Amino acid sequence: MRPLVADIDLDALRHNYQLACRCAPQSRSVAVIKADAYGHGALACAQALEEHAPAFAVACIEEALALRQGGITQPIILLEGIFSADELSLVDTHGFWIAVHTQWQVDTLLAATPRQPIPVWLKVDSGMHRLGFDIDEAAAIWGQLSAAPSVATLHLMSHFATADAHDNHYFSQQMAQLETLARELEAPLCLANSPATLAWPIAHGDWNRPGVMLYGSDPLEVANEITQQLQPVMTLRSEIIALRELEKGEPVGYSGRWRAPRRSLIAVVACGYGDGYDRHAVDGTPVLVNGQRCAIAGKVSMDMLTVDVTDVPGAAIGSEVILWGKASNGEILSVDEVARCCDTISYTLLTGVLPRAPRRYHGRSD
Ligand SMILES: *Cc1c(COP(=O)(O)O)cnc(C)c1O
């Protein structure tokens, strides 16, 4: 059997969720498990958080239905709302909550006669310029929705463009607009993503929406004492399948990008871009071999990558290789550090791990 596995530590997931709750003791935290829980398996993650999280958030109704079919009974919020009017009857049947960000969604809701009123999060655009109503349109729509028999509770929702940045005025601008609007409407708020949950208490609302931090990634530009307590949930693990001794100057892999600066021992690892490992990984990207940090040497191939293990005592066929996550000796390689070496972010690496790397679950699944 090919040794590549994505180990998922459900105890770490619960630890990180509880950390999000402790950051914002006045808020309820909806666990964001869209995109198959950022590649970790949405149903397994929802089951692991079932006793802790009062609600879950996904991107679309397909993701929500899969959770219901898996037996998840909590409220599930559709962060982009419905994609067509006929989805509203499924929303009603399954008790989903919806974001409303555009006029046809409002019209559909106002015309609907659901069996039970639907909880709605009205999304305003406070500067992200992606989804949502302009701030100055929001009051009128808020008035319509709050008077509608098809609407149950109503929240004001918005998303931050720069909450991860350490020092920024744009966040404060977005926040100031939202505070003014919320005061005017006396609206309960749902604003904070992971970085705002971790770094901006002023943005904590009735609900927060932590996502990536639940999986142990630190979304902040500058780590703080809370983010240092995050634990990796996914460990992408494989093994050495071959070793090769090279003379000084000999190249490795496609286009010979890496050349041995000395006599070198190169390990071939069963993991490549066909598994979702990023092909943009530069020479020097860290991996752990037998729990010891070493560096990628040469371009990533489809099924394999190559690592300089010259300085790793005992490196042998079958040795443990951690692409990110936690090694058997407790050493941690953060997915954030790997992402920087691939000129990307943890989100793309985690969501990019393909089904070819089987997920294997650990920890209590209650
Ligand atoms: C994905 C998403 C989140 C979670 O963001 P993180 O940065 O992963 O915490 C929160 N809110 C909305 C609207 C989202 O789409």
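Given the structure is predicted, the values throughout are model-derived calculations rather than measurements.

What counts and how
Residues numbered from 1 in each chain as written. Predicted model: local features only at pLDDT ≥ 70, side-chain atom pairs only at ≥ 80, totals over all residues. Heavy atoms only, no water. Helix = DSSP H or I, 4+ residues; strand = E, 2+ residues; numbered from the N terminus. Rg over C-alpha atoms; globule rule 2.2 N^0.38 Å. Buried < 20%, exposed > 50% of the residue type's maximum accessible area, 1.4 Å probe, protein only. Contact = heavy atoms within 4.5 Å. Areas by Shrake-Rupley, 256 points an atom, 1.4 Å probe, with all protein chains shown as cover. Lys, Arg positive; Asp, Glu negative; His and termini not counted. Charge placed at Lys NZ, Arg CZ, Asp CG, Glu CD. Core = buried A, V, L, I, M, F, W, Y, C linked by side-chain atoms within 4.5 Å. Domains from an automatic or database assignment. UniProt positions renumbered as here; feature names shortened; annotations may be inferred.

1. Considering the overall build of the chain
Turning to step 1, where the next piece is worked out: Along the backbone of the chain there are 11 helices and 21 strands.
Turning to step 2, where the next piece is worked out: Its C-alpha atoms give the chain a radius of gyration of 23 Å, near enough to 21 Å, the size a compact globule of 366 residues would have.
Turning to step 3, where the next piece is worked out: Along the longest, intermediate and shortest principal axes, the C-alpha atoms of the chain span 75 × 45 × 35 Å.
Turning to step 4, where the next piece is worked out: Counting across all 366 residues of the chain, residues that qualify as buried make up 55%.
Turning to step 5, where the next piece is worked out: Sequence separation of at least 24 residues holds for 64% of the intrachain contacts in the chain that already meet a minimum separation of 6.
Turning to step 6, where the next piece is worked out: When the accessible surface of the chain is summed, it comes to about 15600 Å², and 52% of that surface belongs to carbon and sulfur atoms.
Turning to step 7, where the next piece is worked out: Computed over 27 positive and 42 negative side-chain charges, the separation of the two mean positions in the chain equals 8 Å.

2. So, the nonpolar core
Turning to step 1, where the next piece is worked out: In terms of nonpolar packing, the biggest core is built from 119 residues, with Ile98, Tyr277, Val289, Leu323 and Trp324 touching the most fellow members.
Turning to step 2, where the next piece is worked out: Here this core gets 7 residues from one element, more than from any other, and that element is helix H1 (residues 10-23).
Turning to step 3, where the next piece is worked out: Among the domains, domain 1 (10-222) and domain 2 (234-333) are the pair contributing at least three residues each to this core.
Turning to step 4, where the next piece is worked out: When neighbours within four sequence positions are excluded, Trp324 is seen to be in contact with Met234, Thr235, Leu236, Tyr277, Leu333, Ser334, Val335, Val338, Leu349, Leu350 and Val353.
Turning to step 5, where the next piece is worked out: Counting residues in each nonpolar core, the second largest holds 6 residues, with Leu246, Val252, Ala260 and Ile266 among its members.

3. Some words on the UniProt feature "modified residue: N6-(pyridoxal phosphate)lysine" (unreviewed entry) in the chain
Turning to step 1, where the next piece is worked out: Here, UniProt's "modified residue: N6-(pyridoxal phosphate)lysine" (unreviewed entry) annotation points to Lys34.
Turning to step 2, where the next piece is worked out: For Lys34, the position within the fold is in helix H2 (residues 34-39).

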